[in-house]
Amino acid sequence: MKDVLVIGAGGVSSVAVHKMAKNPELFGKVTLASRRKFKCDAIAESVKARFGATIDTAEVDADDVAATAALIERVRPKLLVNLALPYQDLNLMEACLKTGVDYLDTANYEPRDEARFQYSWQWDYHERFEKAGLMALLGSGFDPGVTSVFAGHIKKHLLDRIDTLDILDCNGGDHGQHFATNFNPEINIREITAPARHYEKGQWIETPALSTRQVFQFDQVGTKNMYLMYHEELESLARFYPEIQRIRFWMTFGDQYLTHLRVLQNVGMTSIEPVMYEGREVIPLQFLKAVLPEPSTLGTTTKGKTNIGDIATGVKDGAEKTVYVYNVCDHEEAFAETGNQAVSYTTGVPAMIGASLMLEGAWAGKGVFNIEQFDPDPFMAMLNAHGLPWQVHELDGPLKF
């Protein structure tokens, strides 16, 4: 049985269900559900127009465990693919346990009232999933996701030992807006404004947000400023690859974006603390999200490319070696295929691939797993086959920063 229930109706879920429908040999019935069913219906219409395939749609509040469980009982999927908000991860995992269905997501849990995301909340579910004979796959997006699989590929095929690992995320696209985020604004801004952290010699080192900058030349994109950040795959990679002495995550931002962000911070619009406005509580960041452009609408205007990958230094056959594994994705090509820009595409395609590997049994287990715990080879092969081809280059030496 290869039926899937996809929760969430944003750009990532749109890409995922478009790719599922495009590959009927990999998937059975696809049902797409969200709190706003009309968004699911619009995605279903696009799928039908592009590929002639029919997907079912439904309405569900992913915060409501009982309602989600009732939908699962009605649809009877083999796998629930969570492409909703990270706030809803635990409730959706509870619904899967209640109904005996496997689980997959692309981003780890974080509470609504605290800008803190970590895997421990989901790792705590391991024994319950194991006892139930179910599998949960965490972080099957791009970063986390593909970047972790790249690390697995490097360890399996390119280096005998990884000493340092740097993940570089560059979005070289231009959407033409004064200020907009390429995925959910609330999640995006919480992530960017949080203190930076990286892992070094068994310790977590924290620095102020956006305080560490480097310049890097990205293939097919150009020279960009990139900033040290914390990202959840650092936590899982440090756990499952304890040999690595230093792990860092870098993301590029343009000066215009950062200027707008600083102004919004200075006037309190990025706060998640409620304020009283005309007799009711309002959370500034949620209000900001409501007035910013919807990320799923940016595909029509976005041009340029993304470049995301891993640079690892270590030892191969007794000699030091540095390798760079990365993908370049074109915004306009992604939009032509699925109606979504490349940031959604680079997360939605890996979600589809992880789901396929679970349904086929190529990746199997009982309990809660991160993506880097499995054999990278079938995932890497599917990236090449489904629109995210990767390449490997040997560098002259380690990064100089």
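See the structure printed just above.
Everything numeric in this text was worked out from a predicted model, so none of it was measured. (Residues numbered from 1 in each chain as written. Predicted model: local features only at pLDDT ≥ 70, side-chain atom pairs only at ≥ 80, totals over all residues. Heavy atoms only, no water.)

Chemist: I tried to follow the sheet that holds strand 4 (residues 79-82) on my own but got confused; where do I start?
Modeler: Strand-to-strand pairing in sheets goes through backbone hydrogen bonds, with the strands running parallel or antiparallel. With parallel pairing, the seven strands of this open sheet are ordered in space as 3-2-1-4-5-6-17. Each of the sheet's edge strands pairs with one partner strand only, and the pair in question is strand 3 (56-59) and strand 17 (367-370). The sheet shows a mean angle of 20° between the axes of neighbouring strands, taken without regard to direction. The pairing of strand 5 (residues 102-105) with strand 6 (residues 135-138) spans two bridges and is classified as parallel. From the neighbouring strand, Tyr103 faces strand 6, where its bridge partner is Ala136. (Pairing = 2+ DSSP bridges. Helix = DSSP H or I, 4+ residues; strand = E, 2+ residues; numbered from the N terminus. Axes fitted to C-alpha atoms, helices over the stretch in contact; angles between N-to-C directions.)

Chemist: How should the pattern of salt bridges be read in this particular structure?
Modeler: A side chain of one charge can pair with a side chain of the opposite charge when the charged atoms of the two come close. Within this structure, the stated rule accounts for 16 salt bridges. Residue Asp63 is joined to Arg112 by a salt bridge in which the shortest nitrogen-to-oxygen separation is 3.0 Å. Here Asp63, found in the loop between strand 3 and helix 3 (65-75), pairs with Arg112, found in the loop between strand 5 and helix 5 (120-123); they are 49 residues apart in sequence, far enough to count as distant. In this structure Asp63 comes out as partly exposed when scored by relative accessible area, which is 32%. Several salt bridges converge on common partners, so that one network encompasses Lys19, Lys22 and Glu337. (Salt bridge = Lys/Arg side-chain N within 4 Å of Asp/Glu carboxyl O. Buried < 20%, exposed > 50% of the residue type's maximum accessible area, 1.4 Å probe, protein only.)

Chemist: I would appreciate a short explanation of the packing of aromatic side chains in the present structure.
Modeler: Two aromatic rings, taken as a pair, are described by how far apart their centres are and by the angle between their planes. As enumerated under the stated definition, the model contains 17 aromatic pairs in all. Aromatic pair Trp250 and Phe401: ring centres 5.4 Å apart, planes at 80°, arrangement edge-to-face. Here Trp250 is found in strand 12 (residues 246-252), whereas its partner Phe401 is found in the segment after strand 18 (390-395), with 151 residues between them in sequence. Here Trp250 falls in the buried class, since its relative accessible area comes to 1%. Exposure remark for Phe401: the relative accessible area of 22% places this residue in the partly exposed category. Three or more aromatic residues joined by ring pairs form one cluster here, namely Phe117, Tyr199, Trp204 and Tyr230. Above the face of the Trp204 ring, Arg197 is positioned so that its terminal group lies 5.0 Å from the ring centre. The ring of Tyr230 carries Arg197 above its face, with NZ or CZ at 4.2 Å from the centroid. (Phe/Tyr/Trp six-rings, centres within 6.5 Å; stacked < 30°, edge-to-face > 60°. Lys NZ or Arg CZ within 6 Å of the ring centre and 35° of its normal.)

Chemist: When you look at the pairing of strand 7 (residues 161-171) in this model, what are you seeing that I'm missing?
Modeler: In regular strands, side chains alternate between the two faces of the sheet. When you tally the buried positions in strand 7, you get nine out of 11 residues, the bulk of the element. Sheet topology places strand 7 next to strand 15 (residues 305-316); 10 bridges connect them, and they run antiparallel. Residue Asp166 lies in a different strand from strand 15, and its bridge partner there is Ile311.

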